[in-house]
Amino acid sequence: MVTDDLHEVLRRGLEAVRAAVDLASLDEARARFLGRGDGELTLMRRRIGTIADPDAKRQYGLSVNEACRRLEEDVEARRAQLERERQEVAVAAEALDLTWPAPPLRRGHLHPVTRMTREIRRVFTQLGYLTLSGPEVEYDRYNFTLVNMPPGHPSRDTQDTFYIDDSRLLRTQTSPVQIRALVALGAPLRVIVPGKVFRRDNDPTHSPVFHQVEGLLVDEGVTAGDLKGTLEFFARSIFGAERAIRLRPHNFSFTEPSLELDVSCMVCEGKGCRLCKHSGWIEVLGSGMVHPDVLRNGGVDPEHYTGFAFGFGIERAAQLAYGIDDVRVLYENDVRLVGQG
Ligand SMILES: [Zn+2]
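Presented here is an overview of the structure given in this document.

**With respect to helix 4 (residues 54-94)**
Since the α-helix packs 3.6 residues into each turn, any two residues three or four apart lie on the same face.
Alright, step 1. Taking 1.5 Å per residue, 41 residues should reach 60 Å; helix 4 reaches 60 Å between its end C-alpha atoms and fits that length.
Alright, step 2. When helix 4 is considered as a whole, its buried residues turn out to be Tyr60, Gly61, Val64, Ala67, Cys68, Leu71, Val75, Arg78 and Leu82.

Next comes the structure, spelled out in structure tokens:
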């Protein structure tokens, strides 16, 4: 019976559609049963013309068309379902899982020299000092002669200098900016000058480039007492409120009298240790009352104004304040140094 055959083909067709696992196998199943040339149901539809009895022909035609419609419906339903599943898989693959732990954030810190420079600047800004900078390529005249180190002066020998030509050099100290500041701004004046200086030492404990800060205060009636009070405030702000200080006579070319500042040892509290060479004191900076000739070289009348100056190495201050044993680690570019906070 042809109708039994039709039911059997439709049953297999529906099963093939249900079994399709993706769009490709679904298309293949559809072609097998509904394909225009040789689909099984297509071939059965062609039999309509071979049936002679009009009633039987009509009945069979309705059944075939119904079977084709039913299978076509199932194909489209299955297609929609497979499409939905494919999208769900794609969305799941692209989705962000916001509960997944994030990689740790690496936190950086300022380099100790930068940090110390900022602390020094903060201390002196509180005391009303301006922060200035000056040229790193400097005239011999400003670097030496005008700060009382004329040609042949013994202090010149202690500062192995990078000369560019007969009159220009890489500055060996920040002192030339004192002269420039006096000339440009006149008295009264309060400035600090942090910056790079250059010397031809490059042994294990010296770097050819390092940082100094120079301070200068010029006003009417300035005394060594003002200098002492200023240095005490500085030392306690940077090295701790419990620090004691002492000033020792010394000799610098551009100050008269000259004084060295010692701070009580931050490691042994004065009992004596390796850092302070068992003296209980650590030498921190050089200072003194500005030499009248230096004031004159800056265009300031030493009969009317007096002043004091001080200078020190920023690397050394950072070493003492932050407990860094070896100055060389400051320039080894080891990122762990700035990771320590
Ligand atoms: Zn000590």
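**Focus: the pairing of strand 6 (residues 245-250)**
Alright, step 1. Examined bridge by bridge, strand 6 and strand 7 (residues 255-264) share 6 bridges and lie antiparallel to one another. Directly across from Arg246, in strand 7, lies its bridge partner Asp262.
Alright, step 2. Between the end of strand 6 and the start of strand 7, which pair antiparallel, lie 4 residues.

**Section: the coordination of the zinc ion**
Alright, step 1. Donor atoms from the polypeptide that coordinate the zinc ion comprise Cys265 (SG), Cys268 (SG), Cys273 (SG) and Cys276 (SG), at 2.2 to 2.3 Å from the metal.
Alright, step 2. The coordination sphere of the zinc ion comprises 4 donor atoms, whose angles at the metal cover 105 to 115°; the geometry is tetrahedral.

**Side note on the pattern of salt bridges**
Alright, step 1. Applying the stated criterion across every chain, the model contains 20 salt bridges.
Alright, step 2. Measuring nitrogen to oxygen at the nearest pair gives 3.7 Å for the salt bridge that ties Arg12 to Glu8. A residue pair is termed a helical-turn pair when its members lie 3 or 4 positions apart in one helix, as Arg12 and Glu8 do in helix 1 (residues 2-19) at 4 residues.
Alright, step 3. Note on Arg12: relative accessible area 30%, which makes it partly exposed.

**Overview of the packing of helix 5 (residues 112-126) against helix 9 (residues 224-239)**
Alright, step 1. At a minimum axis distance of 10 Å, the contact between helix 5 and helix 9 shows a crossing angle of 140°. The pairing of helix 5 with helix 9 is recorded here as oblique in orientation. For helix 5 against helix 9, the interelement crossing comes out right-handed. On the side of helix 5, the interface is formed by Met116, Glu119, Ile120, Val123, Phe124 and Gln126, while helix 9 contributes Thr230, Phe233, Phe234, Ser237 and Ile238.

**Structural notes on the environment of Leu330**
Alright, step 1. With respect to the secondary-structure elements, Leu330 resides in the loop between helix 11 (314-322) and helix 12 (335-339).
Alright, step 2. Judged by relative accessible area, which is 2%, Leu330 ranks as buried.
Alright, step 3. It is 30 Å that separates the C-alpha atoms of Leu330 and Asn251, two residues lying 79 residues apart in sequence.

**Observations concerning the nonpolar core**
Alright, step 1. Among the nonpolar cores identified, the biggest contains 38 residues, and Ile120, Phe234, Phe239 and Phe310 are the most heavily contacted of them.
Alright, step 2. The set of elements that each furnish at least two residues to this core consists of helix 5, strand 5 (209-219), helix 9, strand 7, strand 8 (281-290), strand 9 (306-313) and helix 11.
Alright, step 3. Ranked by residues supplied to this core, first place goes to helix 9 with 6 residues.
Alright, step 4. Residues in contact with Phe234, not counting those within four places in the same chain, are Ile120, Val123, Phe124, Phe239, Val284, Leu285 and Phe312.
Alright, step 5. Counting residues in each nonpolar core, the second largest holds 21 residues, with Leu6, Val9, Leu14 and Leu71 among its members.

**Some words on unusual backbone geometry**
Alright, step 1. The residue after Ala187, namely Pro188, is reached through a cis peptide bond having omega -5°.
Alright, step 2. Its location among the elements puts Pro188 in the loop between helix 8 (176-185) and strand 4 (189-198).
Alright, step 3. Cis peptide bonds are those with omega within 30 degrees of zero, and the linkage from Glu256 to Pro257 qualifies with -5°.
Alright, step 4. Tracing the sequence through the fold places Pro257 in strand 7.
Alright, step 5. Notably, Asn148 is not glycine yet its phi reads approximately 65°, a positive angle.
Alright, step 6. Looking at the element boundaries, Asn148 is found in the loop between helix 6 (140-143) and helix 7 (154-158).
Alright, step 7. Phi at His278 is positive, roughly 65°, even though this residue is not glycine.

Reading guide: rules and limits
- Residues numbered from 1 in each chain as written.
- Predicted model: local features only at pLDDT ≥ 70, side-chain atom pairs only at ≥ 80, totals over all residues.
- Heavy atoms only, no water.
- Helix = DSSP H or I, 4+ residues; strand = E, 2+ residues; numbered from the N terminus.
- Expected span 1.5 Å × (residues − 1).
- Buried < 20%, exposed > 50% of the residue type's maximum accessible area, 1.4 Å probe, protein only.
- Pairing = 2+ DSSP bridges.
- Donors = N, O, S within 2.8 Å, 3.2 Å for Na, K, Ca; no water.
- Tetrahedral: all angles 85-135°; square planar, octahedral: opposite > 155°, others 65-115°.
- Salt bridge = Lys/Arg side-chain N within 4 Å of Asp/Glu carboxyl O.
- Axes fitted to C-alpha atoms, helices over the stretch in contact; angles between N-to-C directions.
- Parallel < 35°, antiparallel > 145°, perpendicular 65-115°, else oblique.
- Left-handed = near helix turned anticlockwise from the far one by under 90°.
- Contact = heavy atoms within 4.5 Å.
- Core = buried A, V, L, I, M, F, W, Y, C linked by side-chain atoms within 4.5 Å.

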